[in-house]
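# Descriptive analysis of the structure
Here is what each chain is made of, one letter per residue.
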Amino acid sequence: MAKAETFQDLSLTPAGEGQELRSWLYSELRTAILDGRLRRGARMPSTRSLAKQYSLSRGTVTAAFDSLHNEGYIAALVGSGTYVAFELPDDSLAGPTAAVTPAQPSRAALSTRGNAAIGGVRLLPPSHSLGRAFRPYEPAIDLFPVALWSRVAGRVLRKAPRSLYGQGDACGYLPLRKAIAEYVGAARGVHCEPGQVIVTSGAQQALDLAARMLMDPGDAVWMEDPGYPGAIFALRAAGAQIIPIGVDEEGLDVQEARREAPRAKLAYVTPANQFPLGGTMSPARRWALLDWASHQNAWIIEDEYDAEYRYSGRPIPALQSLDRSGCVIYVGTFTKMLFNSLRLGFMVVPERVAGAFAASRTILDRHPPTLDQAILAEFILDGHFGHHVRRMRQTYGRRMKVLTEAAGLRLGGKLNVEEADSGMRTVAWIKTGQKDRSVAERARSQGLELAALSEFRLTHAREDALILGFAGCTGAELRRGVDVLAHVMDGESEPQARVMAME
Ligand SMILES: Cc1ncc(COP(=O)(O)O)c(C=O)c1O
């Protein structure tokens, strides 16, 4: 039988002032085991003798032993006491195999599908600063009623029942879905019950979900050209075959599409405000598209990411409102109507597939964050949402006029900046023959954020326009942006005029 070590043999460092005795003893014994003062296989002193020698309670010693035991430093043999383990947990950390075989850089690779899915995707940079002319995707965060939002949030969080901290509904928080159903019905003529509404992480997740659920690899999809890259990437990731279809002032050319791919499975369109050219799809094209989809048993994704902002003419109700066969998936988002980081959007799906979409939503991320949805629901139900959108419509209309007037004065001979009739950005046609990408690159190097039309091209688009956002910039920021752009197009770079200076 192995001799029990005595405490004197171990030369334990006395406990420091205020140190908890249980963790002191644990760590001293562990150190003694690791440095060999307590040898592997040696019998541990009894808890009683340790307690007596060091004036500790038996409970303290037993607790330290328990920790050592749980971690594998000591083992108890029934009827014969406690021993230091032969194999210590730290042995596996050093890892005999690791010591023998030097670590090789892993060659584990992404899947072919994974590589195809991310091909060409550009990460959007976080907004470290706001008001950058001419960031195309940003609403007026400077005017968002932060104090009001905080008040609503405070009230919701104070009164939220504990159940809202538990598992949420895969399709979204029911009061929010009801509020959305009511809002899209009144504002856009969308026919739906709350059960058809699925709350998503922005419009982008809705596009991804639709692509996963509706497309098999190789299925053809009609895609507006130029068109929204986020939709192209989601559809491509699902293995869809993208068929570029031209757009004109009436929207997607349905006749061309029918010639190119009559048996496509889906059409992606932005009828309220074509991305990126602007313009509204004509009623004739809407009927033609619906007619094709219902005869072909095809789907239509209607992406109304910023339909609320219309500055002239009467708003045309959503395509979904004309759909009699149940083939339209309607997509909307609060990221453009309120603020980007909210990341709440929604889709309205035909009733027959609502359950399947809910199941798919569960696979993606179970459900959207309930408390954020509860705050948004209250913000809508209190009428603040409607008020904010109306106010922003007026503001954006004014900002767009500032941009077109400043551009008319400073850039008249070089750019023809269109008056947008809706949305948060406009098209500026280049009159100098310069290529849009080269102008955009030089402008970016001077701190502007804008896009070249050809960056949204699949095959059809021209190379002679810039896409300028105006919603997220004040009038002063837009005027300064126009100045910088004028210098860029003149081939000058004027450090004082750099937009960086605006931060
Ligand atoms: C046409 C279009 N659809 C969808 C989205 C994605 O919106 P979200 O930020 O809500 O995901 C955008 C974003 O700019 C867009 O322009």
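Residues numbered from 1 in each chain as written. Predicted model: local features only at pLDDT ≥ 70, side-chain atom pairs only at ≥ 80, totals over all residues. Heavy atoms only, no water.

### Topic: the side chain of Arg132
Filter applied, for reference: Helix numbering and strand numbering both begin at the N terminus, where a helix is a DSSP run of H or I of at least 4 residues and a strand a DSSP run of E of at least 2. Polar contacts, as used here, are pairs of N or O atoms within 3.5 Å; protein pairs need one atom able to donate a hydrogen and one able to accept it. Residues neighboring in sequence count only if both atoms are side-chain atoms.
Along the chain, the position of Arg132 falls in the loop between helix H7 (112–118) and helix H8 (146–159). A distance of 3.4 Å separates the side chain of Arg132 from the side chain of Glu449, its partner in a polar contact.

### Some thoughts on the domain arrangement of the protein chain
Selection rule: Just so you know, the domain bounds were taken from an automatic or database domain assignment.
Parsing the protein chain into structural domains produces domain 1 (21–93), domain 2 (167–382) and domain 3 (392–489). Taking the mean C-alpha position of each, domain 1 and domain 3 sit 73 Å from one another.

### Some words on the nonpolar core
Note the following rule: For this analysis, a nonpolar core means a set of buried residues of the types Ala, Val, Leu, Ile, Met, Phe, Trp, Tyr and Cys, connected via side-chain atoms within 4.5 Å. Exposure is judged per residue with a 1.4 Å probe applied to protein chains only, and the accessible area is read against the type maximum: over 50% gives exposed, under 20% gives buried, and values in between give partly exposed. By definition in these notes, contact holds between two residues if any of their heavy atoms fall within 4.5 Å.
Among the nonpolar cores identified, the biggest contains 71 residues, and Phe134, Phe334, Leu338, Leu466 and Leu485 are the most heavily contacted of them. Examining the composition of this core, we find that 10 residues originate from one element, helix H16 (residues 384–411), more than from any other. Both domains that meet at this core, namely domain 2 (167–382) and domain 3 (392–489), each give it at least three residues. Phe134 has contacts with Leu403, Leu448, Glu449, Leu450, Ile467, Leu468, Gly469, Leu478, Gly481, Val482 and Leu485, leaving out every residue within four places of it along the chain. Counting 31 residues, the second-largest nonpolar core is a separate cluster that includes Ala211, Leu214, Ala238 and Trp299.

### Brief notes about the sheet that holds strand S4 (residues 220–225)
As a reminder of what qualifies: The pairing criterion is simple: DSSP has to find at least two bridges between the two strands.
As summarised here, the arrangement of the 8 strands in space is S3-S10-S9-S8-S7-S4-S5-S6, forming an open sheet in which the pairing is mixed. Among the strands making up the open sheet, the edge pair consists of strand S3 (197–200) and strand S6 (251–252). Note that strand S5 (residues 241–248) and S6 share 2 bridges and pair antiparallel. Residue Val247 lies in a different strand from S6, and its bridge partner there is Leu252.

### Description of the pairing of strand S8 (residues 299–303)
Here is the rule we go by: Orienting the strands away from the viewer, one traces the path from the first strand over the helix to the second; a clockwise path indicates a right-handed crossover.
Across the 5 residues of S8, 5 count as buried, placing the element largely inside the fold. Side chains of S8 alternate between two faces, with Trp299, Ile301 and Asp303 and Ile300 and Glu302 buried alike. Taken together, the 4 bridges between strand S7 (residues 266–269) and S8 define a ladder with parallel strand orientation. Residue pairing across strands places Leu266 opposite Trp299, the latter belonging to S8. Read as a crossover between parallel neighbours, the route from S7 over helix H13 (residues 283–296) to S8 is right-handed.

### A word on the confidence of the model for the protein chain
We count it as follows: Per-residue confidence from the prediction method is given by pLDDT, with values spanning 0 to 100.
Residues of the protein chain with pLDDT of at least 70 account for 94%, and the chain-wide mean is 91. Taken together, the stretch residues 499–503 has pLDDT below 50 and engages in 14 contacts with residues farther than four places along the chain or on a different chain.

### Some details on the sheet that holds strand S13 (residues 451–452)
Which entries qualify depends on this criterion: Only the contacting stretch of a helix is used when fitting its axis, a line to C-alpha atoms as for every element, and angles between N-to-C directions run 0 to 180 degrees.
Taken together, the 4 strands give an open sheet; going across it, the order is S11-S12-S14-S13, and neighbouring strands pair in antiparallel fashion. Every other strand in the sheet has two partners, leaving strand S11 (415–417) and S13 as the edge strands with one partner each. Relative to strand S12 (residues 425–430), S11 is paired through 3 bridges, and the arrangement is antiparallel. Pairing of Val417 across the sheet is with Ala428, part of S12. Taken strand by strand, H16 contacts S11, S12 and strand S14 (465–469), and its axis lies near 165 degrees from that of S11.

### Some thoughts on the site of the ligand
Operational definition: Nearness here has a simple test: a residue counts as near a molecule or strand if at least one of its heavy atoms is within 4 Å of that partner. Surface exposure here means Shrake-Rupley accessible area, sampled with a 1.4 Å probe, where a residue is shielded only by the protein chains that are shown.
Of all residues adjacent to the ligand, which total 13 residues, the nearest are Tyr137, Asp303, Thr333, Thr335 and Arg343. Note that an oxygen atom of the ligand is positioned 2.9 Å from one of the backbone N or O atoms of Ala203. One nitrogen or oxygen atom from the side chain of Lys336 is found 3.1 Å from an oxygen atom belonging to the ligand. Compared with its free state, where it exposes 390 Å², the ligand has 94% of that area covered by protein.

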